[in-house]
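Structure assessment
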Amino acid sequence: MDNRVWVKDAVMTIRLPEEVDHFVADRLREEAGEILVERKVVFDFRKTVFMDSSGIGLVMGRFREMELIGGKVRAVHVGERMRRILVMSGVTRVIEVEEEKTWK
């Protein structure tokens, strides 16, 4: 697996691949779990066109972890198809979904 999880300036970025299924979600969860310095997490959906319930679980799990420590989670570069999946799953009710990767 290439470098899909990294931290810069206390922001963890998780670059999601084209398809996020159970196998990919488990690998990303493992990689992200090894890094404990972040206060902000960005899920980059730039390449993603498919995500099953395990991918939703990955995003929601990281949201719950960040909520406990007062951190933030955002989804960026979300295309229309992925936006519909995030809306239908309820993710957009708890995390900010945006086109640009900027922190206020």
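Owing to the predicted nature of the structure, the values given are computational and were not obtained by experimental measurement.

**What to know about the sheet that holds strand β2 (residues 11–15)**
If you walk across this open sheet you meet the five strands as β1-β2-β4-β6-β7, and the pairing is mixed. Of all strands in the sheet, those with a lone pairing partner are β1 (5–8) and β7 (96–98), marking the two edges. Averaged over all adjacent pairs, the angle separating strand axes in this sheet is 25 degrees, with direction ignored. Where β2 and strand β4 (residues 40–44) come together, five bridges link them in parallel fashion. In the strand pairing of β4, V11 is matched with K40. Against the sheet, helix α2 (residues 53–69) touches β2, β4 and β6 (72–76), its axis set at about 165 degrees to β4.

**A few points about the pairing of β2**
Every regular strand shows the same layout, with side chains that alternate between the two sheet faces. Of all the five residues making up β2, four are buried; the element is thus mostly covered by neighbouring parts of the structure. In the sheet, β1 pairs with β2 via four bridges, with the strands oriented antiparallel. In the strand pairing of β2, W6 is matched with T13. Between β1 and the antiparallel strand that follows it, β2, lie two residues; D9 among them carries a positive phi value of about 55 degrees.

**Description of the environment of T92**
Along the polypeptide, T92 turns up in the loop between α3 (80–89) and β7. C-alpha of T92 to C-alpha of A75: the two residues are 17 residues apart in sequence and 9.0 Å apart in space. With residues near it in sequence (within four places) discarded, T92 still touches L86, V87 and V97.

**Considering unusual backbone geometry**
Positive phi, normally seen in glycine, also occurs at D9, with a value near 55 degrees. Locating D9 in the fold gives a position in the loop between β1 and β2. Phi at H77 is positive, roughly 55 degrees, even though this residue is not glycine.

**Quick word on the nonpolar core**
Proteins that are soluble and globular tend to have nonpolar side chains buried together. I14, L16, F43, F45, L86 and I95 are the most contacted members of the largest nonpolar core, which totals 28 residues. Listed by contribution, the elements that provide at least two residues to this core are β2, α1 (22–33), β4, α2, β6 and α3. Those residues in contact with F45 that sit more than four places away from it in its chain are L16, M51, V59, A75, V76, H77, V78, M82 and L86.

**Brief notes about the side chain of R4**
Looking at the element boundaries, R4 is found in the segment before β1. Once you skip the residues sitting within four places of it in the chain, R4 turns out to touch T13, I14, R15, P17, V24, L28 and E31.

Reading the values: rules and limits
Residues numbered from 1 in each chain as written. Predicted model: local features only at pLDDT ≥ 70, side-chain atom pairs only at ≥ 80, totals over all residues. Heavy atoms only, no water. Pairing = 2+ DSSP bridges. Helix = DSSP H or I, 4+ residues; strand = E, 2+ residues; numbered from the N terminus. Axes fitted to C-alpha atoms, helices over the stretch in contact; angles between N-to-C directions. Contact = heavy atoms within 4.5 Å. Buried < 20%, exposed > 50% of the residue type's maximum accessible area, 1.4 Å probe, protein only. Core = buried A, V, L, I, M, F, W, Y, C linked by side-chain atoms within 4.5 Å.

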